[in-house]
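Structural description and commentary
Next come the chains, spelled out residue by residue.
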Amino acid sequence: MSNGMSLSRRRLLASGAAAGALGLSGIGLPAFAQTGGVNWRKYAGTKIEVNLIKSPRGDTLTKYQKEFEELTGITVVSEQTPEQQQRQKAVIELTSGRPSFDVVHISYHVQKRQFEKGKWLADLTPFIKDPALTDAGFLDDFSEAGVTFARNPEGGIGALPFSVDYWIVYWNKDLFAKKNLSFPKTFDEMVAAAAALTDPPSQTYGFVARGMKNANTPVWTSLLLGYDQYSVDANRNLLTDTPEAIEAAKLYQTLMTKSAPPGVTGFNWAECQSAFLQGRVGMWFDGVGFAPPLEDPEKSRVVGKVGYGLMPKGPKAHAAATTGDGIGVTAASKNKEAAYLYCQWATGKLMGARLLQAGAGVPFRTSVLSDAEVRKGVKMPAAWVDAVVESAKISRLALPVIIPVTEFRDVLGGALTNMISGSDPAAELKRATADFKPILERSEKT
Amino acid sequence: MSILTSSDRVVGAASVGRTKRLRPSYWPFVVPALIVVIGVIVFPWVFTLWMSAMEWRIGEEQRFVGLQNYARLFTDVRFLEAMLHTLVYTALSVLAPLVLGTAAALAFNTKLPARGLLRGIFVMPMMATPVAIALVWTMMFHPQLGVLNYLLSLVGIGPLQWVYHPSTVILSLVLVETWQWTPLVMLIVLGGLAALPTEPYESAQIDGATAWQRFRYLTLPMIKPFLMVAVIIRTIDALKSFDILYTITQGGPGTASETINLYLYSVAFTYYDIGYGSAIAVVFFVLIILLSLILLYLRQRSAWNTGDGQ
């Protein structure tokens, strides 16, 4: 055992040195401080398969994969697939009972309940409690939203919290200054500022957000959080046609019809980002992870002019809608411990700092966000990190934890798109709620 | 008169005997092809039919529901709308390339300067990858940043919303389809024009027929079989169109451009409702078969009448 431990420490030092030599550490990256008691070499010689979502987060894990292999002696075979296809592949393979992978990258906000109901993920609690595999207090560093995402209804831990996305308001400081406006603090101020910034003849618009069906649903549910309400209650009853839901929908309709660019019904985040990058949009409401191109001089006309604002306060609550990714071990895996070590490495402080500094993602770990040394190496402006830190304090889940999340987004999203075309919000929400209710009930039936 | 020797008789008898022995053993040669056909065509369809009679959601228990999934189709507004979108999109995506492709073929059939080069340039869209095309057109359609609205502004036409508005989305998608597949129709019709006899034209010219009359009463009837081939190919292609639609609009805004293919994909692979998705696939298959039969019948009717009963 002692031999194993000394070997482990040597390996850790070697890998740290290797990381430094490769120039991977950047400024202020934490060392493997959390690995003190963990025997990383315990499963040397094992081979694991990893299924990742193609994204900057997946790219980062793949980029540093060799570090994990040298640290543990575990061979990793990983593949990255675009988000939609990865979800389909994962579900189909997991349903078969014999997935080809040991580790799977999931989107909590879409797949959490589905994975829990299918019992596709191994409960990581025994590994977290094992001192040879995990340091004490490993979970304590994750934000509340992260732990909420990770914990299943039985109290176990499914996928470990990997990357979080808070919804913030990107704002063009130049356009605000020209109109002598300050960043809005409430929903009402946001509507007023959006209207004041809108000037169609000069193709300048006050506000943009997703209008495309499905993609637009989190925009509305985020506004709904400002009315202190989720879209589904704790017993999975729909709250999508309540007076609060209708008010939030009216707000969405007002912003999207009075202050958004023409054609916004077809806008996903990419079109919104393009419009904002051109300097013609006052405010863009979306996830914090879309920020890096805004500060890239090759892609952006608003470099140095972007403000990163916290979601304004609603009539009843101040909330930042939250989505996130997790990384877990499949229940069918024959190499659960080795796979768990990979998950622990992927969600460690060092990886979290790398994600943050590169702008590839935001870790659920609060210690990384508050680490002054890590912040020094972040390429994004300090205001962006501040928006992240402040959003974490008012974080709430953006989407309901149900199985048919995609259908929820499609049905309600269709109603929202119709509202942009002029339909009545109350009637649309009533119809969409009636359409979705049997789907939700059927999904929880068995 | 022939005289058979004894040795001939022996060889002949042996040959007949071998034929008799070998004939029954020919059938194993068919087996590999039969297995492939059953495996990749018959079995998937029988399996799809079986799935369409089940309530089958991935991750849940399956149960037999008979024709319930089919009954659900009649009350599913989204399916009915998708059906309508599919028919409109298909009709326009066949008609527009047919008209433009025929016009292009007539133009390229004349002795234009640099005809070969121009024809090469004209068929280029057909060779491009659909997803790449779709991404380029998506950028071009952008209401604020797209080049199409810029070009319209040069001639004083106000900005359009193209694929970003429910009322213009299908027409805009047909524009992409037309741009890509007009060359195919042009090539088919050009082949037909090259095969036409010259004598009727000489007679018509002597009789004083105008260019329009020559086209209307000679060219058009004679290239009809080729046009029907183009219609069949284009109809099948437009009906199964997925990549361009999915990449540009994903069926949006809302469900304004959602065709059966896109709806089927959503139901089966994002909602994981395999049973209902299979029912949609079966209905779509029947629709394609019906359309194909009608088109094949029309093609037979449009075949050249050679006058010798053939």
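Residues numbered from 1 in each chain as written. Chains lettered and ligands numbered in written order. Predicted model: local features only at pLDDT ≥ 70, side-chain atom pairs only at ≥ 80, totals over all residues.

Some points on the overall build of chain A
When its secondary structure is counted, chain A shows 19 helices and 10 strands. Taking 446 residues into account, the globule formula puts the C-alpha radius of gyration at 22 Å, and chain A, at 22 Å, falls close to it. Each principal axis of the C-alpha atoms in chain A carries an extent, and together these give about 70 × 50 × 35 Å. Looking at the 446 residues of chain A, the share that counts as buried comes to 53%. Considering only residue pairs separated by 6 or more positions, chain A has 76% of its internal contacts joining residues 24 or more positions apart. (Helix = DSSP H or I, 4+ residues; strand = E, 2+ residues; numbered from the N terminus. Rg over C-alpha atoms; globule rule 2.2 N^0.38 Å. Buried ≥ 20, exposed ≤ 12 C-beta atoms within 10 Å, placed from the backbone. Contact = placed C-beta atoms within 7 Å.)

Thoughts on the overall build of chain B
Across its full length, chain B holds 14 helices and 2 strands. Taking 310 residues into account, the globule formula puts the C-alpha radius of gyration at 19 Å, and chain B, at 27 Å, lies well above it. In chain B, which comprises 310 residues, the proportion classed as buried is 31%. Put simply, of all contacts in chain B between residues at least 6 apart along the chain, 71% involve residues at least 24 apart.

Points about the interface of chain B and chain A
Each partner contributes to the interface: chain B provides 23 residues, whereas chain A provides 28 residues. Across the side of chain B that touches chain A, the residue classes break down as 11 nonpolar, 10 polar and 2 charged. (Nonpolar A, V, L, I, M, F, W, Y, C, P; charged D, E, K, R; others polar.)

Notes on the confidence of the model for chain A
Low-pLDDT stretches of the model should not have their predicted coordinates read in fine detail. Residues and elements named next belong to chain A. Residues at a pLDDT of 70 or more form 91% of chain A, whose mean pLDDT is 89. The secondary structure element of chain A with the lowest average pLDDT is helix α1 (residues 2-21), at 40, and the one with the highest is helix α11 (residues 243-258), at 98. Scored below 50 in pLDDT, residues 1-26 shows 28 contacts in the model against residues more than four places distant or in partner chains. (pLDDT = per-residue confidence, 0-100.)

So, the domain arrangement of chain A
Residues and elements named next belong to chain A. Partitioning chain A into domains gives domain 1 (2-165 + 323-396) and domain 2 (166-321 + 400-443). The C-alpha centroid of domain 2 is placed 30 Å from the C-alpha centroid of domain 1. For the side of domain 1 that touches domain 2, the secondary structure elements donating two or more residues are α5 (108-118), β4 (160-172), α17 (382-393) and β10 (395-397). When residues of the side of domain 1 that touches domain 2 are assigned to their parent elements, the largest contribution, 7 residues, is made by α17. (Domains from an automatic or database assignment.)

Topic: the packing of α11 of chain A against helix α19 (residues 425-443) of chain A
Residue and element names in this part refer to chain A. With their axes 9 Å apart at the nearest point, α11 and α19 run at an angle of 120° to one another. One way to sum up the angle between α11 and α19 is to call them oblique. Regarding α11 and α19, the two cross each other, and that crossing is right-handed. Residues Ala245, Ile246, Ala249, Lys250 and Gln253 of α11 form the contact with α19, whose participating residues are Pro425, Ala426 and Leu429. (Axes fitted to C-alpha atoms, helices over the stretch in contact; angles between N-to-C directions. Parallel < 35°, antiparallel > 145°, perpendicular 65-115°, else oblique. Left-handed = near helix turned anticlockwise from the far one by under 90°.)

What about the environment of Arg365 of chain A?
Residue and element names in this part refer to chain A. Looking at where Arg365 falls in the secondary structure, it is placed in the loop between β9 (362-363) and α15 (366-370). Along the backbone, Arg365 and Glu144 are 221 residues apart, and their C-alpha atoms lie at a distance of 9.8 Å. Among residues more than four places away in sequence, those in contact with Arg365 are Asp141, Phe142, Lys349 and Gly352.

A closer look at unusual backbone geometry
Across the junction of Gly252 of chain B and Pro253 of chain B, the peptide omega takes the value -5°, indicating a cis bond. Among the secondary structure elements, Pro253 of chain B is positioned in the loop between α12 (243-248) and α13 (260-270). Positive phi is not limited to glycine here, since Arg236 of chain A has a value of about 60°. Take Arg236 of chain A: it is sitting in the loop between α10 (217-225) and α11. Look at Arg236 of chain A and you get partly exposed, because 15 C-beta atoms sit within 10 Å.

Quick notes on the domain arrangement of chain B
Residue and element names in this part refer to chain B. By the assigned domains, chain B splits into domain 1 (6-52) and domain 2 (71-302). The distance between the C-alpha centroids of domain 1 and domain 2 comes to 42 Å. On the domain 2 side, the residues contacting the 4 residues of domain 1 number 6 residues.

Let's talk about the pairing of strand β6 (residues 281-287) of chain A
Put simply, side chains in a regular strand alternate between the two faces of the sheet. Residue and element names in this part refer to chain A. Counting buried positions along β6 gives 6 out of 7 residues, so the element sits mostly inside the fold. With 5 bridges connecting them, β4 and β6 associate as antiparallel partners. The partner of Trp167 across the bridge, within β6, is Gly287. Bridge count for strand β5 (residues 205-208) against β6 is 3 bridges, and the pairing is parallel. What sits directly across from Tyr205, in β6, is Val281. (Pairing = 2+ DSSP bridges.)

A short note on the confidence of the model for chain B
All names here are of chain B. Per-residue confidence for chain B gives a mean pLDDT of 88; residues scoring 70 or more make up 90%. Here helix α1 (residues 6-22) stands out as the least confident element of chain B, with mean pLDDT 50; helix α4 (residues 77-108) is the most confident, with 96. Counting interchain partners and residues more than four positions distant, the pLDDT-below-50 stretch residues 1-14 has 1 contact. Scored as a whole, the predicted complex attains pTM 0.82, and scored at its interfaces, ipTM 0.78.

Considering α10 of chain A
All names here are of chain A. The element α10 is extensively covered by neighbouring structure, given that 9 of its 9 residues are classed as buried. All of the buried residues in α10 are Thr217, Pro218, Val219, Trp220, Thr221, Ser222, Leu223, Leu224 and Leu225. Those residues of α10 that are buried lie in contact with β4, α11, β6, β8 (320-329), β10 and α18 (405-420).

Considering the nonpolar core
By size, the foremost hydrophobic cluster in this structure holds 187 residues, and its most contacted members are Val208, Tyr252 and Tyr342 of chain A. No other element matches helix α9 (residues 169-194) of chain B, which puts 12 residues into this core. Contact partners of Tyr252 of chain A, with chain neighbours within four places excluded, come to Val219, Trp220, Leu223, Leu416 and Met419 of chain A. (Core = buried A, V, L, I, M, F, W, Y, C linked by C-beta atoms within 7 Å.)

Thoughts on the environment of Thr259 of chain B
All names here are of chain B. On the secondary structure map, Thr259 appears in the loop between α12 and α13. Looking at Thr259, the number of C-beta atoms within 10 Å reads 30, which means it is buried. For the pair Thr259 and Gln144, spaced 115 residues apart in sequence, the C-alpha to C-alpha distance is 27 Å.

Some points on the packing of helix α2 (residues 31-52) of chain B against helix α14 (residues 274-302) of chain B
Two measures define how a pair of helices packs: the angle their axes make with one another and the distance between the axes. Residues and elements named next belong to chain B. Contact geometry of α2 with α14 gives a least axis separation of 7 Å together with a crossing angle of 125°. In terms of their interaxial angle, α2 and α14 are classed as oblique. Where α2 crosses over α14, the two elements pack in a sense that is left-handed. On the side of α2, the interface is formed by Thr48, Leu49, Met51 and Ser52, while α14 contributes Ile274, Gly275, Ser278, Ala279, Ala281 and Val282.

Remarks on helix α3 (residues 65-72) of chain A
Residue and element names in this part refer to chain A. What α3 keeps buried is the set Phe68, Leu71 and Thr72. With its buried residues spanning 80° around the axis, α3 presents them on a single face. Just downstream of α3, Gly73 is the residue with a positive phi angle, here 75°. (Arc of directions from axis to C-beta.)

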